[in-house]
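Inside the fold
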Amino acid sequence: MHNPRLGGASIRRSILPTATALAVFTLAVLLLGPFAQAANQDWQDNGTDFNTGNNWNNNVVPGPGDVARFVSAVGTQPNLSASLTIQELNFSTTTASGFDLTSSNT
């Protein structure tokens, strides 16, 4: 119903910029959201369990969007105690060698 005192056209014009901005913001969150969570997680040689946060920088086990990096010479051998999915496994320097990844997960 059109109310001449409220000026129906001016209400529609004031809502459109807000709706457009909301649509653009929602699209940006949906497109960029998965990338915002990804991180490089570096092995810290604090223990042997690949699935323990304390063995990684930031105390976080690498997840599906993360890169698990080995950035120094072998100190401890990592063991996968459970299944997990990561984006990439990276030995980032020539000194990051000698690692044997094993699994006790059956």
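Throughout what follows, the structure given in this document is the object of discussion. (Residues numbered from 1 in each chain as written. Predicted model: local features only at pLDDT ≥ 70, side-chain atom pairs only at ≥ 80, totals over all residues. Heavy atoms only, no water.)

**Here we look at the pattern of salt bridges**
The tally for this structure, following the rule as stated, stands at one salt bridge. Here D42 makes a salt bridge to R69, at a shortest N to O gap of 2.7 Å. With D42 in strand β1 (residues 40–42) and R69 in strand β2 (residues 67–70), this pair connects stretches of sequence that are 27 residues apart. Under the relative-accessibility criterion, D42 is labelled buried at 13%. (Salt bridge = Lys/Arg side-chain N within 4 Å of Asp/Glu carboxyl O. Helix = DSSP H or I, 4+ residues; strand = E, 2+ residues; numbered from the N terminus. Buried < 20%, exposed > 50% of the residue type's maximum accessible area, 1.4 Å probe, protein only.)

**Topic: the packing of aromatic side chains**
Overall, the coordinates contain eight aromatic pairs when judged by the stated rule. Both rings, one in W43 and one in W56, keep their centres 5.1 Å apart while their planes meet at 75 degrees; by these two values the pair is edge-to-face. Here W56 lies in the loop between β1 and β2 and W43 lies in the loop between β1 and β2, a separation of 13 residues in the sequence. W43 gets classed as buried once you look at its relative accessible area, which sits at 3%. Summarising the aromatic geometry, the rings of F91 and F99 are spaced 6.0 Å apart at their centres and angled 40 degrees between planes, so their arrangement reads as tilted. Judged by relative accessible area, F91 falls into the partly exposed class, the value being 37%. Residue F99 is classed as buried on the basis of its relative accessible area of 12%. (Phe/Tyr/Trp six-rings, centres within 6.5 Å; stacked < 30°, edge-to-face > 60°.)

**Side note on the side chain of N55**
For N55, the position within the fold is in the loop between β1 and β2. Classification of N55 as buried rests on a relative accessible area of 4%.

**Some remarks on the pairing of β2**
Here β1 pairs with β2 via three bridges, running parallel. Paired with N40 across the two strands is V67, which belongs to β2. (Pairing = 2+ DSSP bridges.)

**Section: the nonpolar core**
In summary, soluble globular proteins display a tendency toward joint burial of nonpolar side chains. With seven residues, the main nonpolar core is built from W43, F50, W56, A68, F70, A96 and F99. Beyond its immediate sequence surroundings of up to four residues, A96 is in contact with F70, V71, S72, A73 and F91. (Core = buried A, V, L, I, M, F, W, Y, C linked by side-chain atoms within 4.5 Å. Contact = heavy atoms within 4.5 Å.)

**With respect to a nonpolar patch on the surface**
On the surface, L89, F91 and L101 cluster together into a nonpolar patch covering about 240 Å² of accessible area. Structurally, the position occupied by F91 is in strand β4 (residues 88–91). (Patch = residues over 30% accessible without salt bridge, like charges linked within 9 Å, V, L, I, M, F, W, Y side chains within 5 Å. Areas by Shrake-Rupley, 256 points an atom, 1.4 Å probe, with all protein chains shown as cover.)

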